[in-house]
Amino acid sequence: MKNSNLLNVILTRTSIRDFDKNRKVPEEILKQILLAGIRAPSAGNIQPRTFIVVKDDTVKELLYELCENQTFMKDASVWIVVCLDLHRHLKAAKLTGVEYDFTGILPYTFGVLDAALALENMVIAADAFGLGSVIIGSVIEHPQRVKEILKLPENCLALSILCVGYPLKKPAIRGKWGYDVIVCEDRYRDIEAKDVLDYWREFMFNDLKRSGKELAREEFERFLTERSYGRSYSRHYTEAFVKSTNEKLMEFLKAQGFLKE
Ligand SMILES: Cc1cc2nc3c(=O)[nH]c(=O)nc-3n(C[C@H](O)[C@H](O)[C@H](O)COP(=O)(O)O)c2cc1C
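Calculation criteria
All residue numbers refer to position in the chain's written sequence, counted from 1. Given that the model is predicted, a residue must reach a pLDDT of at least 70 before its local features are reported, and side-chain atom pairs must reach 80 or more before they are shown or counted; all residues, however, enter totals for whole chains, interfaces and linings. Between the N-to-C directions of two axes lies an angle of 0 to 180 degrees, each axis being a line fitted to C-alpha atoms and, for a helix, fitted only over the stretch in contact. Helix and strand definitions here come from DSSP, where helices need a minimum of 4 consecutive H or I residues and strands a minimum of 2 consecutive E residues; each element is numbered from the N-terminal end. Throughout this description, any angle smaller than 35 degrees is read as roughly parallel, any larger than 145 degrees as roughly antiparallel, any in the 65 to 115 degree range as roughly perpendicular, and the remainder as oblique. The contact criterion used is a C-beta to C-beta distance within 7 Å, with each C-beta placed from the backbone. Residue polarity follows a fixed list, in which Ala, Val, Leu, Ile, Met, Phe, Trp, Tyr, Cys and Pro are nonpolar, Asp, Glu, Lys and Arg are charged, and the others, Gly among them, are polar. As annotated, the domain borders come from an automatic or database domain assignment.

## Here we look at the packing of helix α3 (residues 57-66) against helix α6 (residues 143-150)
When two helices pack together, their arrangement is given by the angle between the helix axes and by the axis-to-axis distance.
In step 1: Close contact between α3 and α6 brings their axes to 10 Å; oriented N to C, the two are set at 175°. It follows from the interaxial angle that α3 and α6 lie roughly antiparallel. Residues V59, L62, L63 and L66 of α3 form the contact with α6, whose participating residues are R145, V146 and I149.
In step 2: Residues of the contact of α3 with α6, tallied by class, amount to six nonpolar, no polar and one charged.

## Here we look at the domain arrangement of the protein chain
In step 1: Segmentation of the protein chain into domains returns domain 1 (4-170) and domain 2 (172-261).
In step 2: Computed from C-alpha atoms alone, the centre-to-centre distance between domain 1 and domain 2 is 24 Å.
In step 3: In this assembly, 14 residues from domain 1 lie in contact with eleven residues from domain 2.
In step 4: For the side of domain 1 that touches domain 2, the residue count by class is six nonpolar, six polar and two charged.

The structure is reproduced here in structure tokens:
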């Protein structure tokens, strides 16, 4: 394969949360990363996305507090807020005499896809430069505050912050659901109830091994029961939290002009 280096970057990438705070990412490299984001595919080439590079310490501090004080963020040299942004597109249309309603779930969904593709391009580009990155999604839980902090216009929503920096150490890659689970042919192949648990066991086992925790069989089974698939997620995403965040986000999407009443 011609670009085997690039494939290797993709297959060995893992999120980095241990940055060298004394090493800055040179502006020229940052620019290349942002250009990689700009070059991502886009539905209709509308490109409903904006990247805000945060340099101001006050702005950083305010965002940091919203992101549950994830301390490693402060060591990352670069913060890029990736926004789903239809504002520019709608403004340009209006200025050229076109009055059309490009709001609702369709442009919203395209926009999320567009922004995510740009985000991943930047993740890969950063890795290719020997940097590391991690996506911080918490901003989506506080859309109104983030809008105020970043002075976002209508039809603009901050989706994530990409923190980039030089890694102090790179952990082993995380376990994922296996190839046979994720990939189907021709039609959706539902997974048997018994297989779901076996596959989950397998990937949890690999994930633990990666963090240096090789548990004896009995211990591993106990660990699995304590951290059963639903339990660990439902602890974080409690019913009350999901409900209130959904409501907050829905309100915001309406107020921002993405969705109608
Ligand atoms: C939308 C999104 C939000 C995320 N938010 C956070 C976050 O707030 N904090 C964090 O440490 N990692 C966050 N991550 C990184 C994931 O935890 C990470 O991708 C996942 O554990 C898989 O690990 P890997 O990236 O090393 O494969 C986020 C990733 C995505 C895609």
